[in-house]
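# Fold and geometry: a report
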Amino acid sequence: TGYWLRFVDAGTTAIYGAPINELTINMIEDWNLISCISEETSVYSIIDPGNIIILGTLFGFNGGYIQTDMLVPGEGYWIRTYETGTITLNNAALAKTTRRNPSLKGKANSLKMNGMTLYFGSEVSEQERLHYSLPPKPPSGAFDVRFKGDTRIAMNNTALEVMSPYKSITVNYDIVLNAGENMNWVLTSAGGREYVFEGKEGEITIRTEGSFTIDRKMAIIPSAYTLKQNHPNPFNPTTTLTYNLPNNNHVTLIIYDPIGRYINQIININ
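The rules behind the values
- Residues numbered from 1 in each chain as written.
- Predicted model: local features only at pLDDT ≥ 70, side-chain atom pairs only at ≥ 80, totals over all residues.
- Heavy atoms only, no water.
- Helix = DSSP H or I, 4+ residues; strand = E, 2+ residues; numbered from the N terminus.
- Buried < 20%, exposed > 50% of the residue type's maximum accessible area, 1.4 Å probe, protein only.
- Contact = heavy atoms within 4.5 Å.
- Areas by Shrake-Rupley, 256 points an atom, 1.4 Å probe, with all protein chains shown as cover.
- Pairing = 2+ DSSP bridges.
- 1 Å grid on protein atoms, 1.4 Å probe; cavity = no way out; pocket = protein on both sides within 12 Å on 5 of 7 lines; lining within 4 Å.
- Points joined across faces, edges and corners; volume = space filled by probe spheres on them.
- Nonpolar A, V, L, I, M, F, W, Y, C, P; charged D, E, K, R; others polar.
- Phe/Tyr/Trp six-rings, centres within 6.5 Å; stacked < 30°, edge-to-face > 60°.
- Core = buried A, V, L, I, M, F, W, Y, C linked by side-chain atoms within 4.5 Å.

Here we come to the overall build of the protein. Scanning the protein from terminus to terminus reveals 1 helix and 22 strands. In terms of overall dimensions, the protein has a C-alpha envelope of 70 × 45 × 40 Å along the principal axes. Across the 270 residues in the protein, those meeting the buried criterion constitute 35%. In the protein, 63% of the contacts between residues at least 6 apart in sequence involve partners at least 24 apart. Carbon and sulfur atoms make up 50% of the accessible area of the protein, which amounts to about 16400 Å² in all.

With respect to topology, 5 strands assemble into an open sheet ordered 12-10-9-14-17, the strand pairing being mixed. Two strands close off the open sheet at either side, each with one partner strand: strand 12 (153–154) and strand 17 (201–207). Across 2 bridges, strand 10 (residues 116–120) lies against strand 12 in parallel orientation. From the neighbouring strand, phenylalanine 120 faces strand 12, where its bridge partner is alanine 154.

In this section: the layout of surface pockets. Within this model, the largest pocket holds a volume of roughly 1700 Å³. The wall of the largest pocket is formed by 43 residues, among which Tyr3, Leu5, Gly74, Glu75 and Gly76 lie closest to the centre. By residue number, the principal contributor to the lining of the largest pocket is strand 4 (residues 59–61), which donates 3 residues. Residue composition of the lining of the largest pocket, grouped by class: 24 nonpolar, 16 polar and 3 charged.

With that settled, the discussion passes to empty space enclosed by the protein. If you walk through the whole model with that rule in mind, you get 1 cavity of 30 Å³ or more. The volume enclosed by the largest cavity comes to roughly 50 Å³. The residue inventory of the lining of the largest cavity, partitioned by class, reads 6 nonpolar, 4 polar and 1 charged.

Taken as a whole and assessed by the stated rule, the structure comprises 11 aromatic pairs. Between tryptophan 4 and phenylalanine 61, the ring centres sit 5.0 Å apart and the planes meet at 80 degrees, which makes this aromatic pair edge-to-face. A residue pair is termed long-range when its members are at least 10 positions apart, and tryptophan 4 in the segment before strand 1 (22–27) and phenylalanine 61 in strand 4 qualify at 57 residues. Under the relative-accessibility criterion, phenylalanine 61 is labelled partly exposed at 32%. With a centroid separation of 5.2 Å and an interplanar angle of 80 degrees, the aromatic rings of phenylalanine 120 and tryptophan 185 are classed as edge-to-face.

Another aspect to go through is the nonpolar core. Leu160 and Phe197 are the most contacted members of the largest nonpolar core, which totals 29 residues. Put simply, the parts of the chain that give this core at least two residues each are strand 9 (109–113), strand 10, strand 11 (144–147), strand 13 (158–163), strand 14 (168–174), strand 15 (183–189), strand 17 and strand 18 (211–218).

Of note in this structure, asparagine 51 is not a glycine but carries a positive phi near 50 degrees. The topology assignment puts asparagine 51 in the loop between strand 3 (41–42) and strand 4. Since its relative accessible area comes to 41%, asparagine 51 is described here as partly exposed. At asparagine 114, a position not held by glycine, the phi torsion is positive, near 50 degrees. Inspection of the secondary structure puts asparagine 114 in the loop between strand 9 and strand 10. Classification of asparagine 114 by relative accessible area gives partly exposed; the value is 49%.

Just geometry here; none of it tells us what the structure is for.
Take a look at the structure:
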């Protein structure tokens, strides 16, 4: 069994007891809060005779939910099951490779905030959607981000729910599905502030609000020529430069060092 514990102050403590080499757990249908045996255990080595575990739904907690494949002694974890049944953790069990949770890499757009990755723009079946479900929201003061319906996946025009103790949040995005001709993917806050995902990948900083939506919107034609700050900065080994054009024109971008010496021409297009 796993437990939520509340503390007045930060700190550490030691818990002593006999090693646990095997643990059989009775699982209810839906979300379960469990712990681990005395050795690190892969979710793929859990003995699950009824195949009731929904892979991709093992989450630890460290100020916010952390998706993981490993259970560590002394920690509690949320995990979801298709139905009631039993699972066994055993330090003699070998990792299985027959069942793997589906991957959306290269198939859906993604956002990463504070270690949590969300996907949007791609339709999946109800069965696949279960692999991207999230545990109940954590207590106030924690960080949490999810699409409406307690999920990490959505199409578009879907509410994004945010809990955050921070005034702003850094969002890394990766766009693999084009929004359409003269369209952009746009993150819009409940207060009406818009954040445009420019280019195939990048990083933006948003002001914390309780809810946002992601949708396709008509691209706004800029009123002036603009070369934006590169990101990330500093960088190693790559960075991204974004520029805006009010109309079609010849573009040349040349890199010079701080004393004006030519380094490289990176863009020369009509």
